[in-house]
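Residue-level listing of the chains:
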Amino acid sequence: MDSLDERADPPHRIRPREKGDLEACAQALAEVHRGDGYPVNWPEFPADWLASPGQQAAWVAELDGRVVGHVALSPAGDGDAAPGLWSERTGRPAAGAAVVSRLFVSPSARGHGIGALLMDRAVRDAAARGLHPVLDVVASDTAAAALYERLGWHLLAVVEQRWSPDLTVMVRCYAAPA
């Protein structure tokens, strides 16, 4: 019991995501989408979107035994802007970055520090893999940007990203503190 999430007192905890968690995660994600518009494009199969191929790891947050949050860690991909920006700043290869993604906390569970706990878990896992965490967030999501900045993440740039042939969005790209 040496990690922050394992020491956290009930009623909340962070643990590795299991296949059986995906339905509850999708339900929590639907609550987030209704309230916050995340994700911008609602996936046809939310559980598949949450467990996208190639993820290195994923965790869920529980509050009073109910899944209320999620975060995943993935390798840098071709369409990810943050790893390239981080690489340009540090001189390290983009493959040395891990992308924090699929982060959300149900509106009904906010105010318990769960977002920070999920971020901490992803950052620690990336470091254990010898990778540096980066992420991007839709520029209009000021609440998420505020969380990352409170946690000491550094804004790399605000860039346009093409998400589909018909959709280009502005995203804020961040890197975790060194």
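This text goes with the structure placed above it.
Caption draft 1: Broad picture of the sheet that holds strand β2 (residues 57-63). With respect to topology, seven strands assemble into an open sheet ordered β1-β2-β3-β4-β5-β7-β6, the strand pairing being mixed. Strand pairing shows two members of the sheet lacking a second neighbour, β1 (12-16) and β6 (154-164), which therefore form its edges. Neighbour-to-neighbour, the strand axes of the sheet open up by a mean angle of 30 degrees, direction not taken into account. Where β6 and strand β7 (residues 167-175) come together, nine bridges link them in antiparallel fashion. For His 154, the partnering residue across the bridge sits in β7 and is Ala 175.

Caption draft 2: How the structure looks around the packing of aromatic side chains. Evaluation of the coordinates by the stated rule reveals three aromatic pairs. Each ring, one from Tyr 38 and one from Trp 49, has its centre 5.9 Å from the other, and the planes form 65 degrees; the classification is edge-to-face. With Tyr 38 in the loop between α2 (22-36) and α3 (46-50) and Trp 49 in helix α3, the pair connects residues that are 11 residues apart, well separated along the chain. The class for Trp 49 is buried, based on a relative accessible area of 19%. When the centroid spacing of 6.3 Å and the interplanar angle of 45 degrees are considered together, the rings of Tyr 148 and Trp 153 count as tilted. Given a relative accessible area of 6%, Trp 153 falls into the buried group. An aromatic cluster of three or more residues is present, and its members are Tyr 148, Trp 153 and Tyr 174. If you follow Arg 102 out to its NZ or CZ, it ends over the ring of Trp 49, 3.9 Å from the centre.

Thresholds applied
Residues numbered from 1 in each chain as written. Predicted model: local features only at pLDDT ≥ 70, side-chain atom pairs only at ≥ 80, totals over all residues. Heavy atoms only, no water. Pairing = 2+ DSSP bridges. Helix = DSSP H or I, 4+ residues; strand = E, 2+ residues; numbered from the N terminus. Axes fitted to C-alpha atoms, helices over the stretch in contact; angles between N-to-C directions. Phe/Tyr/Trp six-rings, centres within 6.5 Å; stacked < 30°, edge-to-face > 60°. Buried < 20%, exposed > 50% of the residue type's maximum accessible area, 1.4 Å probe, protein only. Lys NZ or Arg CZ within 6 Å of the ring centre and 35° of its normal.

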